[in-house]
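Chain residues, written in single-letter form:
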Amino acid sequence: MLLIIQNIGEQNSLFLAAILLYLIAAVASLSLMKHHKLCNIVSNVICMIAGSFGVVASVVKIFTGYTQTNIPMLQSSIPLITLDIKIDSLSAFFILCLSVLVVCVSLYSIGYNSHYYGKRNLGLFNFLYSTFILSMFFVMISGNAVFFYIAWEAMSLISYFLVIFESEHEENQRAGKLYLIMTHIGTAFLLIGFMIMFSYTKSFDIFGSSAAIPEVAKNFMFIFFFIGFGTKAGVVPLHIWLPYAHPAAPSNVSALMSGIMIKTAIYGMIRFMLCYLQIQQTWWGVVILCFGIVSAVLGVAYALMEHNIKKLLAFHSVENIGIILIGLGVSFIAFSQNNEFLGGLALIAALLHTFNHTLFKGGLFLGAGSIQYATHTKDIDKLGGLIKKMPITALMVLCFSLAISAIVPFNGFVSEWLTYQSLFLNIGYGGGALNILSILSIAALGLSGALAAACFIKLFGISFLGLPRSDHALNAKEVPVTMNIGMGILAGFCLAIGLFPAIFINIVDKVVFSLVGSSITGNFQGGFLNAFSPLVVSGNSISPVDILIVFVVVIFAALLIIRLIGGKYIERKYGTWDCGFESLNSRMQYTATGFSKPLRIVFSILYRPGRKVEIEEGVSSYFPTSIKYKVWTEPIFEKYFYNPVLNMIRKISLKIIGSVQTGSVHAYLIYIFIAVLALMLYNRLA
Amino acid sequence: MIEATYLIVQIIVIILLAPLVNGIIKKVKAFTQKRKGGSLFQMYFDLFKLFKKTAVVSDVSSWIFKVTPYIVFATAIAAALIVPVTTLIKPMWFPGDIIMLVYIFALGRFFMMLAALDTGSTFGGMGASREAMISSLIEPSILVSLITVGLIAKSTTVSVIMNFMQEVHNPLIHPVYIMAFCALFIIIIAETSRTPVDDPGTHLELTMVHEAMVLEYSGRSLALMELGAAIKQLVFITLLVNIFIPHDQMIHLTGFSAVAISLLVYLIKVILAAICIAIAEVSTVKLRLFSIPNLAALAFILSFIGFLQYFVFGG
Amino acid sequence: MSNYLDALSVLLLTSAFMLMGNKRIKSYIKTFRLQSILIALLTGIMGINSLYNDGNVDILVVCMVVIGIKVVYIPFLLNKTYENVEYKVEKDFFLNIPILIIGCCFIVVFTYFSLSTTTGINTGTINMQVVNSISLILIGLFFMISRKKAIGQIVGFLVIENGIFVTALFATQGMPFIVDIGILMDILVAVIIMGIMVFRIDEKFGSTDINKIKDLRG
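The text that follows walks through the structure, step by step, so that each part is easy to find. Just so it is clear, the model here is predicted, and its values are computed rather than measured.

### Topic: the overall build of chain A
- The helix and strand tally for chain A stands at 25 helices and seven strands.
- For chain A, the spread of C-alpha atoms along the principal axes amounts to about 95 × 70 × 60 Å.
- Expressed as a percentage of contacts within chain A between residues at least 6 apart in sequence, the contacts between residues at least 24 apart total 78%.
- For chain A, the computed accessible surface area is about 27,000 Å², with 68% contributed by carbon and sulfur atoms.

Written out as C-alpha cells, the structure reads:
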C-alpha cells in the first residue's frame, strides 16, 4: 500500500496535534508497562493535554465556521479505500463533547487507576484507553463511509476489550459477549445502508449528494441506519446490552462509554439522516419521536428498580437517549414540513441535551467509581451515611443528580426546557395525529423527569444519607484528590451551563446554522457579554441566574428577619425520633427496595414483579431465625422479544447443521463444485 | 428588566396572605364539624412562636437537613414571583414560565425528600417514597393542563396567559377551560397534600405523606417549612383563580387605586377558593395510597380531554 | 347559546367517564340521574331558544317529559330494584378500572378522527359537539360490555339511549315531536320490564351475574 499523508491546512493543526498526542499516549503506555505509577500518570497527562487541544480546536472551528474540502489522510492503491478526514461544525461539536469528558476522566483516572497498581496490566489498560478515545475521534472526523465503518468497528472492538478487562468475573464475560453480538448486529445494518448508498451514487463520500438515490431506497436506508445507530445508542428495544456492559467495565471506561460512545450514534444519525439523506418524509421524524418516548419512559421505569448503582445509571442513559431522540424527532418532523425555525430549535435542544448528558452522566459514573473505590461495593442497599465520610464526593454527586433531574439552576433544565418549547411549538402544525403525539410526549417527558428525580433521590439518599448499612460503608474514606478535581470540573460545567445558558446555546446555534442555514440567535440577545441575559424563545423566557439571585437574596433576608424575630439560633443535638424504642439502628431505615416499592406496585403491569420469601424457623414458627426476601422484575424484552428469536435461530441452525454438515468429504467437494459452476453462470448472465 | 415594584408587591402580598388561607380552611372545616375552631390568624401566631423556639437536630443528619428549610422557602418565593397576583402593575415581567414553575417546585421537593432520608428514620423514608410516587404521577397532568391553556394563548408565560384570558368572555363556559379547571383543582389538592390525597393534620404513619417528611423539624426550620408549604398552596390557588376567573379587565381606573381594588378582589377570590377547597376536603375521605393513581389518572384524563376539545371546538 | 351547549356536551362526556370509573351500583344510578339532568338542561336551553325564535313549544315539552321520566321516574325504579338485590358493589372485572378509562380515551380520540373529515361538519347547524355525543354512545356500549351485573347493563343501555337522543338534538335541533315522545315511552316500558325481570331472576336463581346466566342454555 502506498501511504501518503498530505499536508493538512493550518486550521486543522490542533486536531492533528491531538491525534498525535493520543497516539503517543498509547505507545508510551505500552512501553512503560513495567512502571505502573509512571505509566499511569504519563499516559493520562498526555491524554489530558490532547483533550484540551481538542477543546480549543473545536471551539475555534465552530466560531470560525470554516469547512474545508475532504482531506485524504491515507491513500492506498486499493480502489475506494481512502481514509478522508473532513471536519465541519457538527464534528467539531461532538469532538468538543469528547474532549471535555476526556480531560476530566483522565484527571480522574490518575487517582482511580491506583487501585490497579500491581494487580493488573496498567500499560495495556492505558493503551486500550487511548486508542479507544482515538477511534471515537476518527468516527467523528471521517469524511468517507469506509473510514467511518473502520473507525466504528475499531471503537466497538476496543471497547469490548475494555469491558472485559476484569475478566475473572463470570458476568463480565457474559456482558462482553452480549455487547459484542449486539453491536455487530447494528454494524451489519449500517453496512447494508452503506452498500445501498454505494450502489446508487457509486461513491462513499458522506458529504456528497444523495440525489441519485430513489425514494424507496432512501426509506430503506433510513430504517437500516436507525436500527444500526439505535443499537449503539441504546434505543428500546435494542438496549439490552447497556445494563450489562456499562456495569462490567471499570468506572472511567463506563463514563466514556456512556458519556460519549453512545453519542457517536447520535452523531451518525444527524450526519447521515439529516445532512446526507435530507429528510424527505414526515414519518421518519414520527418514528424517531415514538421510539424516543418509549425509551424515555421505559428507561427510567427500569432504572427505578435497580440497586446496582452502575446498572441504574446505565438505564438512565437509555432514558436520556430517549429525550435526545424526542428532540431529534421533532426537528426531523419540522424539517420535512419546511419549518426551518422549529427544526433548528429542536435540533439545538437535542444537541444541547447531548452535551449536557455527556457532562452529568460521565460525572455520575465517575462518582459511582469513587463510591466503589471507597467501599468496594456497588450495591446501594449496603451503603449509607457516606456524606460524612466522603463530603466532597457527596457534593459532586448531588450536583450531578440535580442536573440529571432537570432541576433549576443546572444544565439539564435548560435542555429539557428547550425540548418542551419545541414540542409546544409543534402542536398546531401538522395533522391531528401529530398533535396528539406531541401532547403525549410532553406528558411522557414530565413523567420521566419526575421519575428520574425520584430515582436519584433514592440513589443519593440511600447511599449517602442516614446510617451506614454495612461495614463497607462504615469504613469508607475520602478518595484521592485528583478524582475529586476531575468530577469538580464536570460539576462546574453543569452549573455554568445551567446559569448562563446563552453562551453555550450560541455555540450550538452556530453548529445548527452551518448545518441547515437557519439560526435562532435572532431571537436571543447573542454575544458573549450578554451571558446574564435571559434565554428567550418566541416570547417565553427563562433566566436561571435571576432565579439563583432571588434564592440568595431571599435566604439572606429570611436569615436576617428570623434572627430579628427569634433571637440567636440555638440548637440541641439529639437522636432521631424513634417512638421511644431507643435502639434505632441502621436496619430500621428505608432500603432502596422499600423506597421504590410504591412505584413498583403502581406500574406492576410493566414490571410483573415476582417475589420469594424464605423463612428459616427457630424455636417456633412465630420466631424465625432468618427471613430472606427476594423481589425481581421480569425482563420483558429479553423474555418476549429476544428469547423467542434466539430459540428460533437455534432450532433452525441445528436443523441446517444436521443436514448440511454430513462429515463426508465427497459432499464438501460437491459443494465446492456447485459453487464454482454457479459463479460462472452468474458471470454469464449478469 | 425586572421591575422592583412588581417584585415587592408580589412578595409582600403572598407572604402575608399564605397563612390566612390555611386559617380559613381550618375554620371552615371546624364549622362543618359544628366546632368553633381556632382563630383565623392562628397560623401567624404559630409561626411567630416557632421562630423563637430551640431547634432539636438529629445527630445522624448532615448539612442537607439544615439547608432544606431555606431552600424550600426560597423556591416557594421564587415560584411566587412567576405568578402575578394582579396584572395591573406594569411592567410585570419576571423571566419564567409554566415549565420553570413546575421545576422550581421540583427543586423544593427534591431537597425535602432528601432531608427526610437524611435523618435515618423510618418515617422519613416512608414519606419520601410515597411522595415520590404521588408527585411523579401528578406531574404529567400539570403540564398537559397548563400547556393546553397556553396553546390557546400561544405562550407559556403565565402573565401573558392571564392577560389573554381577560379577553375571553366567560372562560368557564368554554369546554377547554372547564376541563383544565377541573384538572387543576385536583392537582391543587394533590400538590398541597390535602384530603383525599394526604391528611394534613394527622400523625399516624398509616396516613402521613407530607407530615412524615417534616416530622424531624422543629423551631425555625419547621416554621420555614410550613410557611413554604403555605406559599406553595397560595401560588397554585393564584394560578387557578387568576387564569380562570380574571377580574382585571373590569377595572377601568388607573394608578394606585386600581391596584388596590384589584388586590381586594383578588383577596375575595382567594377566600372563596379556600372555602371551596375546604368543602371538597370535608366531603371526601382520604384515599387508600394505591387508589391515588386512579385520582392522578382522572386528572390526566380531564386535562387530555380538555386538549382534545381544543381541536374539536377550535379554541 | 352555542357556548352553553358546548360546555354541556363536554360535561356530559365527563359524566360518562365518571360512570366508567365507578364500582358502586348506587353511584351508577346517581350518575345516570346527573346525566339526565344535564340533558334536561340542554333541551331546556334549546327549547327556550326555539320558543323565542319560532314560538314552538315542542322542545320544551320534550324537556318536561325528559325531566319526568329520566330524572325522576327511571332512577326511582332502578333504586327500587337496587334495594331488592343483594350486591351493592361490583368487585369482579375483566379489565381493571384504569385500563377501562384509557379505553374510553381511545374511544373519544377515535370518534374525533372518524368524524373530522366528514364534509360540512363545521357548517350550519351540525358541528363538532356531535363528537362528544357519539363518544357518549360508544362509551355507553363499552360500559355494557365491561360490567357483569344486570343493573350495570341496564344503565349502559340507558346511556346509549341518552347518547342517541343528544346526537339527534345536536344534529337536527330535535327530532319530530311524536318520535321523541314515542322513544321515551318505549324506554320507560323497557326499564320497567327489565327491572321486574332482574328482581325475578335474582329471586329465582340467587344471583344476577351475567356469566352464570350463560349456564341456562340448552
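The structure having been displayed, the exposition proceeds.
### Looking at the packing of aromatic side chains
- The tally for this structure, following the rule as stated, stands at 45 aromatic pairs over all chains.
- Taken together, a centroid distance of 6.0 Å and an interplanar angle of 70° make the contact between Tyr302(A) and Tyr607(A) edge-to-face. In this pair, Tyr302(A) sits in helix H10 (residues 282–304) while Tyr607(A) sits in helix H23 (residues 604–607), placing the two residues 305 residues apart along the sequence.
- Residue class for Tyr302(A) comes out buried when judged on its relative accessible area of 7%.
- An aromatic cluster of at least three residues, connected via ring pairs, comprises Phe148(A), Tyr149(A), Trp152(A), Phe194(A), Phe225(A), Phe229(A) and Phe272(A).
- One Lys or Arg, Lys232(A), reaches over the ring of Trp152(A) and ends 5.5 Å from the middle of that ring.
- When the ring centre of Phe165(C) is taken as origin, the NZ or CZ atom of Lys70(C), which lies over that ring, is 5.1 Å away.

### Quick word on empty space enclosed by the protein
- Counted by the stated rule, this structure contains 13 cavities of 30 Å³ or more.
- Volume-wise, the largest cavity comes out at about 90 Å³.
- If you trace the largest cavity, you find it lined by Ser405(A), Ile407(A), Gly449(A), Ala450(A), Ala453(A), Tyr103(B), Ala106(B), Arg109(B), Phe110(B), Met113(B), Ser135(B) and Glu139(B).
- Put simply, the parts of the chain that give the lining of the largest cavity at least two residues each are helix H16 (432–464) of chain A together with helix H4 (98–118) and helix H5 (122–153) of chain B.
- Of the residues forming the lining of the largest cavity, the biggest block, five residues, is contributed by H4(B).
- Here the lining of the largest cavity is built from residues that sort into seven nonpolar, three polar and two charged.

### Description of the nonpolar core
- By size, the foremost hydrophobic cluster in this structure holds 413 residues, and its most contacted members are Met257(A), Leu328(A), Leu351(A), Ile231(B) and Phe17(C).
- The contact partners of Phe17(C), leaving out residues within four places of it in the chain, are Ile301(B), Ile305(B), Ile101(C), Cys104(C), Cys105(C), Val108(C) and Ile139(C).

### Some points on the side chain of Ser121(B)
- Tracing the sequence through the fold places Ser121(B) in the loop between H4 and H5.
- A polar contact of 3.3 Å, which involves the side chain of Ser121(B), links it to the backbone nitrogen of Gly124(B).

### Things to note about the packing of helix H3 (residues 89–112) of chain A against helix H12 (residues 340–375) of chain A
All names here are of chain A.
- Interhelical geometry of H3 versus H12 gives an angle of 10° and a closest axis separation of 11 Å. With respect to their mutual orientation, H3 and H12 come out roughly parallel. Residue-level inspection shows Leu-90, Phe-93, Phe-94, Leu-96, Cys-97, Val-100, Leu-101, Val-105, Tyr-108, Gly-111 and Tyr-112 of H3 in contact with H12, the latter providing Leu-351, Thr-354, Phe-355, Thr-358, Leu-359, Gly-362, Leu-366, Gly-369, Ser-370, Gln-372 and Tyr-373.
- Here the contact of H3 with H12 is built from residues that sort into 15 nonpolar, seven polar and no charged.

Cut-off values and rules
- Residues numbered from 1 in each chain as written.
- Chains lettered and ligands numbered in written order.
- Predicted model: local features only at pLDDT ≥ 70, side-chain atom pairs only at ≥ 80, totals over all residues.
- Heavy atoms only, no water.
- Helix = DSSP H or I, 4+ residues; strand = E, 2+ residues; numbered from the N terminus.
- Contact = heavy atoms within 4.5 Å.
- Areas by Shrake-Rupley, 256 points an atom, 1.4 Å probe, with all protein chains shown as cover.
- Phe/Tyr/Trp six-rings, centres within 6.5 Å; stacked < 30°, edge-to-face > 60°.
- Buried < 20%, exposed > 50% of the residue type's maximum accessible area, 1.4 Å probe, protein only.
- Lys NZ or Arg CZ within 6 Å of the ring centre and 35° of its normal.
- 1 Å grid on protein atoms, 1.4 Å probe; cavity = no way out; pocket = protein on both sides within 12 Å on 5 of 7 lines; lining within 4 Å.
- Points joined across faces, edges and corners; volume = space filled by probe spheres on them.
- Nonpolar A, V, L, I, M, F, W, Y, C, P; charged D, E, K, R; others polar.
- Core = buried A, V, L, I, M, F, W, Y, C linked by side-chain atoms within 4.5 Å.
- Polar contact = N/O pair within 3.5 Å; in protein donor to acceptor, adjacent residues only side chain to side chain.
- Axes fitted to C-alpha atoms, helices over the stretch in contact; angles between N-to-C directions.
- Parallel < 35°, antiparallel > 145°, perpendicular 65-115°, else oblique.

From the geometry alone we can't say anything about function, so treat these as descriptive.
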